[in-house]
Amino acid sequence: MTIQEILSHVDHTQLKAFATWEDIVSLCEEAITFGTASVCVPPAYIRRIHDTYGDKVNICTVVGFPLGYSATEAKLAEVKKALEDGCNEIDMVVNISDVKNGDYDKVEAEIRALKEACGNHILKVIIETCYLTEEEKIAMCKAVTNAKADYIKTSTGFGTGGATKEDIELFKKHIGPGVKMKAAGGVSNMEDLEMFLELGCDRIGTSRAVGLCKGQVSEQGTY
């Protein structure tokens, strides 16, 4: 797998609470140079990125992030504003409390409502696997599939754990054919990047991929 192939599946991410415009510019410039799938950024920066870079970068943002327990109406307002500002992809966090309470129908209804609001734009659903049992993860695979979301995503990166091989293998068994997978959280080396792509993930969310690939490219002398 080439460096370019790996980076074409990466959502190049900067979601720190203290991210400055200089940080965002660096992220976007790297995304353009290295051909990442998107930049995943705080909602507050969407309009400025769009006005600065236009179609040069594919903008992804987060909704109900990182804890997920906002009201559905609030999440819908976030989606509407993000799309108006120029965002193309939404990564939403499910209401984890609803999942833990076994209220899976409510979670599914929220996902469906946000997907309807997204229309043809991509919706990725973060289920925060580190807090869930296997039964709850399987229920979320079904909810994401039934609600016709585009992706199921492992983690916010702000929880107690990130993506694992076991969770991706579990997703593969239980998601429908129209749902893709995104691994995020704790992707820290080239082996992780290649492993998750080989397991079938279509996207990987990380702030490290470009830096890792820069090092790899430098070592190989191919860029």
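Keep in mind that what you see is a predicted model, and the values were worked out from it rather than measured.

Caption draft 1: Summary view of the sheet that holds strand 6 (residues 151-153). An order of 1-2-3-4-5-6-7-8 is seen for the eight strands of this closed barrel, with the pairing classed as parallel. Shown here is a sheet whose adjacent strand axes are inclined to one another by a mean of 25°, direction ignored. As paired strands, strand 1 (residues 10-13) and strand 8 (residues 203-206) are joined by three bridges and run parallel to one another. Along strand 8, the bridge assignment pairs Asp11 with Gly205.

Caption draft 2: Summary view of the environment of Thr133. Following the sequence through the fold, Thr133 ends up in the loop between strand 5 (122-126) and helix 7 (134-146). Residue classification places Thr133 among the partly exposed residues on the basis of a relative accessible area of 39%. Here the alpha-carbon distance between Thr133 and Asn88, two residues 45 residues apart in the chain, equals 31 Å.

Caption draft 3: Highlighting the pattern of salt bridges. Under the defined criterion, the tally for this structure stands at 19 salt bridges. Asp91 is paired through a salt bridge with Lys153; the nearest N and O atoms lie 2.9 Å apart. One end of the pair, Asp91, is in strand 4 (residues 89-93); the other, Lys153, is in strand 6, and 62 residues separate them in sequence. Lys153 sits in the buried class, given a relative accessible area of 3%. For the salt bridge of Glu108 with Arg112, the shortest nitrogen-to-oxygen distance reads 2.8 Å. In this pair, Glu108 and Arg112 are both assigned in helix 6 (residues 104-118), four residues apart and thus about one turn of the helix distant. In this structure, a network of salt bridges that share partners links the residues Asp11, Glu89, Asp91, Lys124, Lys153, Lys182, Asp202 and Arg203.

Conventions adopted
Residues numbered from 1 in each chain as written. Predicted model: local features only at pLDDT ≥ 70, side-chain atom pairs only at ≥ 80, totals over all residues. Heavy atoms only, no water. Pairing = 2+ DSSP bridges. Helix = DSSP H or I, 4+ residues; strand = E, 2+ residues; numbered from the N terminus. Axes fitted to C-alpha atoms, helices over the stretch in contact; angles between N-to-C directions. Buried < 20%, exposed > 50% of the residue type's maximum accessible area, 1.4 Å probe, protein only. Salt bridge = Lys/Arg side-chain N within 4 Å of Asp/Glu carboxyl O.

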